[in-house]
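# Coordinates in review
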Amino acid sequence: MNQVVNKKVNSHSYNQLVVDGVRLHGRFAARPHDVDPLDESSKFPRALRKFRLKEWVGFTLMHPEISSSMILQDAHYLASSEIYVRDKHGLVEHSRNVRGGSLNLSHVLFPSAMAIDSKGYRIAYDWADKPEGRHRINVTVEATEDQEAITMNLELDGSNASAPLSVSSPLPGGSMYTHKLAYPASGTVTVGDRTYTFDPSRDLAVLDEHRTILPYRTTWVWGTFACNTPDGIIGANFAERPIVPGTDEESCLWTPGECEPLADITFTKTSLDPLTPWRMTSADGRLDVTFAPEDRKGVKHQLVLASIDYWQMVGTYSGTVAGYEVKDARGVCESMKARL
């Protein structure tokens, strides 16, 4: 049986998620250089495990006038991408499916280039040599009959980013690695004929990277938000999902210069209305926020051996984070129930 390392590990000592065939578990001080979970020793062939591995790299944008997310995701038998922008005129969304493995979701982030480039649909991430460098998001998605075009040219400031969340955890029937942080963002986002300018003293792009083997029955409720303040970046990432007792999970608080571990999150829906407010609290009281949804998008499929019931809402968070007050901070909340 492989040794389980479950502690706060200094990633300057560990350049890999897997060392000599042993998967490290716990919270890292920073993202390991290489996070390939398939390097773990196993009685199952690498090729077989690869087809259970779900990998994605996405961003949620924080701007007072828009809500927006994008994702590149690879299930290895199929790769896909989605992007949306919601402003006062409504929700504009696009998606595309491509060949599995074609997105180059490199396990080494710095430097790397990841992209989907299909006819009329291009999303590209370019990472600098070092985490504290300048990274870029470039998007060119053409208009369709019923959806407006989306164009983005954003630069992310790694030197002034939040402290990173970097967690490796076993799951019941699977495993998870995630890396998240908030970057000050500058540049422009254009949807249709409307252009929004990003100010790095105010606006953020929150990274969500996952390298995860999901259990057959997968459930989670998850939320995130962040805002730039004179003291620094304030925000939170929080989830409620089945975990292996005694191991770390991905919830955290972002406070100036820190990423503080968090656990025992409760999500409370205030009514049956699909756009009702939600209250999210932690057992220790350091997180106490209310989420006010503005819009909701979902996917629902029911097959014989597989199913998915997913929704994501965009809106604003208000409340307290480790004693800091937040008001109308942009963010998202989502739910997944699936058999995969």
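What you see is a predicted model; the values in this text were computed from it and never measured.

### Things to note about a nonpolar patch on the surface
Together, F51, Y77 and L78 line one region of the surface with nonpolar side chains, adding up to about 320 Å² of accessible area. With respect to the helices, strands and loops of the structure, F51 is situated in the loop between helix 1 (46-50) and strand 4 (53-63). Looking at F51, the relative accessible area reads 45%, which means it is partly exposed.

### Some words on the environment of R339
Relative to the helices and strands, R339 is located in strand 24 (residues 324-339). What makes R339 buried here is its relative accessible area of 15%. Expressed as a C-alpha distance, the spacing of R339 and T190, which sit 149 residues apart in the sequence, is 37 Å. Looking at R339, its side chain comes within polar contact range of the side chain of Y216, at 3.3 Å.

### Observations regarding the pairing of strand 7 (residues 90-98)
Pairing geometry for strand 6 (residues 79-87) and strand 7, over nine bridges, is antiparallel. Within strand 7, the residue paired with R86 across the bridge is L91. Between strand 6 and strand 7, which pair antiparallel one after the other, the connecting turn spans two residues.

### Points about the packing of aromatic side chains
If you walk through the whole model with that rule in mind, you get eleven aromatic pairs. An angle of 80 degrees between the planes, with centres 5.1 Å apart, marks the rings of F59 and Y125 as edge-to-face. In this pair, F59 sits in strand 4 while Y125 sits in strand 9 (residues 121-127), placing the two residues 66 residues apart along the sequence. For F59, a relative accessible area of 2% translates into the label buried. Exposure remark for Y125: the relative accessible area of 0% places this residue in the buried category.

Conventions and cut-offs
- Residues numbered from 1 in each chain as written.
- Predicted model: local features only at pLDDT ≥ 70, side-chain atom pairs only at ≥ 80, totals over all residues.
- Heavy atoms only, no water.
- Patch = residues over 30% accessible without salt bridge, like charges linked within 9 Å, V, L, I, M, F, W, Y side chains within 5 Å.
- Areas by Shrake-Rupley, 256 points an atom, 1.4 Å probe, with all protein chains shown as cover.
- Salt bridge = Lys/Arg side-chain N within 4 Å of Asp/Glu carboxyl O.
- Helix = DSSP H or I, 4+ residues; strand = E, 2+ residues; numbered from the N terminus.
- Buried < 20%, exposed > 50% of the residue type's maximum accessible area, 1.4 Å probe, protein only.
- Polar contact = N/O pair within 3.5 Å; in protein donor to acceptor, adjacent residues only side chain to side chain.
- Pairing = 2+ DSSP bridges.
- Phe/Tyr/Trp six-rings, centres within 6.5 Å; stacked < 30°, edge-to-face > 60°.

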